Amino acid sequence: MMKGIYCLLIEVCKSKDILIGRLGKIRFEKGKYIYVGSAQNSLEKRIERHLKRKKKKHWHIDYLLENKNVKIRKVILFPYKKKSEESRLAKEISKFGKPIKNFGASDSTSQSHLVKI
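Because the structure is predicted, anything quoted here is derived from the model rather than measured.

A. The arrangement of the nonpolar core in detail. If you look at the biggest cluster of nonpolar residues, it comprises 20 residues, and the most contacted ones within it are Ile10, Phe28, Leu64, Phe103 and Leu114. Residue assignment for this core shows that the elements contributing at least two residues are strand E1 (4–12), strand E2 (16–20), strand E3 (24–28), strand E4 (31–39), helix H1 (43–51) and helix H2 (60–65). Looking at this core, the element that brings in the most residues is E1, giving four residues. For Phe28, the contacting residues outside a window of four places in its chain are Val12, Lys14, Ser15, Lys16, Ile18, Ile20, Tyr33, Leu64, Ile100, Phe103 and Leu114. Within the second largest apolar cluster, eight residues are counted, among which are Cys7, Val36, Leu89 and Val115.

Below you can see the structure in the form of structure tokens.
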């Protein structure tokens, strides 16, 4: 089993307000987004989990991916990277788009782990 960090390239097919756990309702404009995450046990199982529509909601991304207007278009894996690299990558990607404030960043030094590009 691999561990590491990953990026999900996500498409929001229709602008919509979506309830994201404790963050509350967030407006997601139609377009493309990049989500940065990590898996310290099994990268494969984490990606499989994200690809399922129905699941117990644990992370902010679960609430977003549950919506029928939201699709994962591509997955990019970075095996064997340290968890600290997750925040660094999220910060770098944020420079090229609009970060969704506090999304997926509860245990991170970055402002967000989801960026509209």
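B. Quick look at the pairing of E3. Pairing geometry for E2 and E3, over five bridges, is antiparallel. Bridged to Lys16 within E3 is Phe28. The hairpin turn running from E2 into E3, its antiparallel successor, is three residues long, and Gly21 in that turn takes a positive phi close to 45°.

C. Geometry of the side chain of Ser38. In this fold, Ser38 is placed in strand E4. For Ser38, the side chain forms a polar contact with the side chain of Glu86, separated by 2.9 Å.

D. Region of interest: the packing of aromatic side chains. All told, the structure shown has four aromatic pairs when counted by the stated rule. Pairing Tyr6 with Tyr35 gives two aromatic rings, centres 6.4 Å apart and planes at 50°, and the pair type is tilted. Residue Tyr6 is found in strand E1, and its partner Tyr35 is found in strand E4; the two are separated by 29 residues along the sequence. Ring centres 6.2 Å apart and planes at 80° place the aromatic pair Tyr35 and Phe103 in the edge-to-face group. Here Phe103 lies in the loop between strand E6 (98–99) and strand E7 (114–116) and Tyr35 lies in strand E4, a separation of 68 residues in the sequence. Residue Tyr35 shares its accessibility class with Phe103, and that shared class is buried. Three or more aromatic residues joined by ring pairs form one cluster here, namely Tyr6, Phe28, Tyr33, Tyr35 and Phe103.

Each value, and the rule that gives it
Residues numbered from 1 in each chain as written. Predicted model: local features only at pLDDT ≥ 70, side-chain atom pairs only at ≥ 80, totals over all residues. Heavy atoms only, no water. Core = buried A, V, L, I, M, F, W, Y, C linked by side-chain atoms within 4.5 Å. Buried < 20%, exposed > 50% of the residue type's maximum accessible area, 1.4 Å probe, protein only. Helix = DSSP H or I, 4+ residues; strand = E, 2+ residues; numbered from the N terminus. Contact = heavy atoms within 4.5 Å. Pairing = 2+ DSSP bridges. Polar contact = N/O pair within 3.5 Å; in protein donor to acceptor, adjacent residues only side chain to side chain. Phe/Tyr/Trp six-rings, centres within 6.5 Å; stacked < 30°, edge-to-face > 60°.

Shape descriptors only; they carry no functional weight alone.
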